[in-house]
There are 2 protein chains.
Amino acid sequence: MSLLIVGTVAFDALETPFGKTDKILGGAATYIGLSASYFTKKSNLVSVVGGDFPQENIDLLNKHNINTKGLQIKADGKTFFWSGKYHTDMNTRDSLVTELNVLADFDPIVPDEYQDCEFLMLGNLVPTVQMKVLNQLKTRPKLVVMDTMNFWMDVDMENLLKTIAKVDVLTINDSEARQLSGEYSLQKAAKKILAMGPNYLIIKKGEHGALLFNKDQVFFAPALPLEEVFDPTGAGDTFAGGFIGYLAETRDLSFENMKRAVIYGSAMASFCVEKFGTERLIGLSREDVETRIQQFVDLVQVDISLVY
Amino acid sequence: MSLLIVGTVAFDALETPFGKTDKILGGAATYIGLSASYFTKKSNLVSVVGGDFPQENIDLLNKHNINTKGLQIKADGKTFFWSGKYHTDMNTRDSLVTELNVLADFDPIVPDEYQDCEFLMLGNLVPTVQMKVLNQLKTRPKLVVMDTMNFWMDVDMENLLKTIAKVDVLTINDSEARQLSGEYSLQKAAKKILAMGPNYLIIKKGEHGALLFNKDQVFFAPALPLEEVFDPTGAGDTFAGGFIGYLAETRDLSFENMKRAVIYGSAMASFCVEKFGTERLIGLSREDVETRIQQFVDLVQVDISLVY
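To start, this report covers the structure provided alongside it.

The rules behind these values
- Residues numbered from 1 in each chain as written.
- Chains lettered and ligands numbered in written order.
- Predicted model: local features only at pLDDT ≥ 70, side-chain atom pairs only at ≥ 80, totals over all residues.
- Helix = DSSP H or I, 4+ residues; strand = E, 2+ residues; numbered from the N terminus.
- Contact = placed C-beta atoms within 7 Å.
- Pairing = 2+ DSSP bridges.
- Axes fitted to C-alpha atoms, helices over the stretch in contact; angles between N-to-C directions.
- Nonpolar A, V, L, I, M, F, W, Y, C, P; charged D, E, K, R; others polar.
- Parallel < 35°, antiparallel > 145°, perpendicular 65-115°, else oblique.
- Left-handed = near helix turned anticlockwise from the far one by under 90°.

**A short note on the overall build of chain A**
Next, step 1: Secondary structure assignment for chain A yields 10 helices and 14 strands.
Next, step 2: Its C-alpha atoms give chain A principal-axis dimensions of about 70 × 45 × 35 Å.
Next, step 3: Looking at chain A alone, contacts between residues at least 24 apart form 67% of all its contacts between residues at least 6 apart.

Next up, the structure:
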């Protein structure tokens, strides 16, 4: 009945035009879990951290309905660490440091009590690790959503394609969709990618919104024009968390409901970028979320039935 | 009761990844006029061409409800000529040739029979020429829409700002909005630009849609994901033509109707890019336009009243 989340739990050190942080809580699974917590009452985490990972971070995850039974703690290892610096346009960034640490030989283990999960979110990770998790589940989940990135297209396309073939929804950004398909037109790219296996493709375009495709339909969700984008780190993961969290809670996999889920994911991502790291994803109220959803609806609302 | 259009009428030679053209009909006023012709029954053109401009092009404009009484023909001059080459992403282009020719000393003259115009479209031109047209009108139009470009921000900001201060709606693209305001955030840019005079600002984002701002509201119109963008030349002018043509026809200047006008402008622009030059803007049916409008509506349609 619950959501299973696989992905990194990490430390990030971030620099944007608005300031910089020391090592703060990060990682795809962290953003996914926090975002999903506003919708689903129970999610289960599979990930790995080192002995340097503070208990207060685990407490924070638990407080957000995230079961950490499947979070491996390697006492003599160090937590995955990434440091990056964003350029003025916030759309490009340089990786300054990437220390895989305990992630280097991560062997995911799905605890028995997670076996009943109906929704699986495969956060960006080595494709073979994503596949290992899928293979450990005795019953295939109702919905498997997978996020990935260009890096795996560069270094392990073979296993990436095998994993993509097994999932229901793939989420990637526009340049990754172009790289994966070899097509510049996103319409054409979507057709090719859907032929690789998934029934749904979400193309994330950052400040330009997101597209949801199935074989016959397309839906576009705008991004909210914000006064300031403070730190884009985790926005894509936060989107995915809102998307799958909303679906896990509503248990309706129609295209109509997927469209709503894309709006909820976009709304959560719009919060994420307003502060550094996960800060804005902590302590939002249900009312905050609903108010933001209404802004998304209003942004594109037009009554055009009036024929002139 | 009619629409007055001021802007260039030109020859373009275009090269895109899909092919290239010889000198074909182009110019901001041409695209604006053809696009507007699908909505308004009468528009009046003020522009200039050389003796090399063929009568068949004038006939084409006339056939599209465009009065060419104000089109000056300089028999011993040559028509403005621009040649450009687009890069693979279609978002960037190199100007190969720019021959101003008769445009260099263009002195716009508004014929008496144009004086009753209620809608004025100032296509991209030297800001002082745009101002000269506005000053010749004995009664200020109900609505003045102005398009411009980064070039005038670089070389004549002073006169550009004077002209902007006189108009109701300014249309520019996202990088121009950033340059004009000195703000990266489009929300902040819009605030600053609206303080310069216009009551409405439209920020065109090409394949990423368009934003309409007034002091209190914002509306976003998506762009249609197309199988192929064949040639983006004139898309912004076509957008402007659809926008003001729809407003001139419906004669309703509420924000709600401006939103519709932005969708109509976007729909016309989506046709424009499907073929070279003005080709796709000739011979569309009313049904073609309405079908396209419906695609824009469907693209963002989501029923989110359902509270989970």
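On we go from here.
**Let's talk about the sheet that holds strand S10 (residues 143-147) of chain B**
Residues and elements named next belong to chain B.
Next, step 1: With mixed pairing, the 9 strands of this open sheet are ordered in space as S6-S5-S1-S9-S10-S11-S12-S13-S14. Whereas interior strands pair on both sides, the edge strands pair on one side only; in this sheet they are strand S6 (66-74) and strand S14 (218-221). When strand polarity is set aside, the average angle formed by the axes of neighbouring strands in this sheet is 15°.
Next, step 2: Bridge count for strand S1 (residues 3-6) against strand S9 (residues 119-122) is 4 bridges, and the pairing is parallel.

**Here we look at the interface of chain A and chain B**
Where the parts come together, the accessible area they lose is often given as the size of the interface.
Next, step 1: The interface is formed by 30 residues belonging to chain A together with 30 residues belonging to chain B.
Next, step 2: Elements represented by at least two residues in the side of chain A that touches chain B include exactly helix H7 (186-194), strand S14 (218-221), helix H8 (235-250), helix H9 (255-272) and helix H10 (286-300) of chain A.
Next, step 3: Among the residues making up the side of chain A that touches chain B, the classes are represented as 17 nonpolar, 5 polar and 8 charged.

**Considering the environment of Gly197 of chain A**
Next, step 1: Its place among the elements puts Gly197 of chain A in the loop between H7 and strand S12 (200-204).
Next, step 2: If we ignore the near neighbours within four places in the chain, the residues touching Gly197 of chain A are Ile164, Ala165, Lys166 and Val167 of chain A.

**Details of the packing of helix H6 (residues 174-181) of chain A against H7 of chain A**
Think of two packed helices as two axes; the pair is described by the angle between the axes and how far apart they sit.
All names here are of chain A.
Next, step 1: At a minimum axis separation of 9 Å, H6 and H7 run at an interaxial angle of 60°. Classified by the interaxial angle, the pair formed by H6 and H7 is oblique. H6 and H7 meet at a crossing whose hand is left-handed. Here Asp174, Ala177, Arg178, Leu180 and Ser181 of H6 lie close against H7, whose contacting residues are Leu186, Ala189, Lys192 and Ile193.
Next, step 2: Its residues assigned to classes, the contact of H6 with H7 comprises 5 nonpolar, 1 polar and 3 charged.

By themselves these figures say nothing about function.
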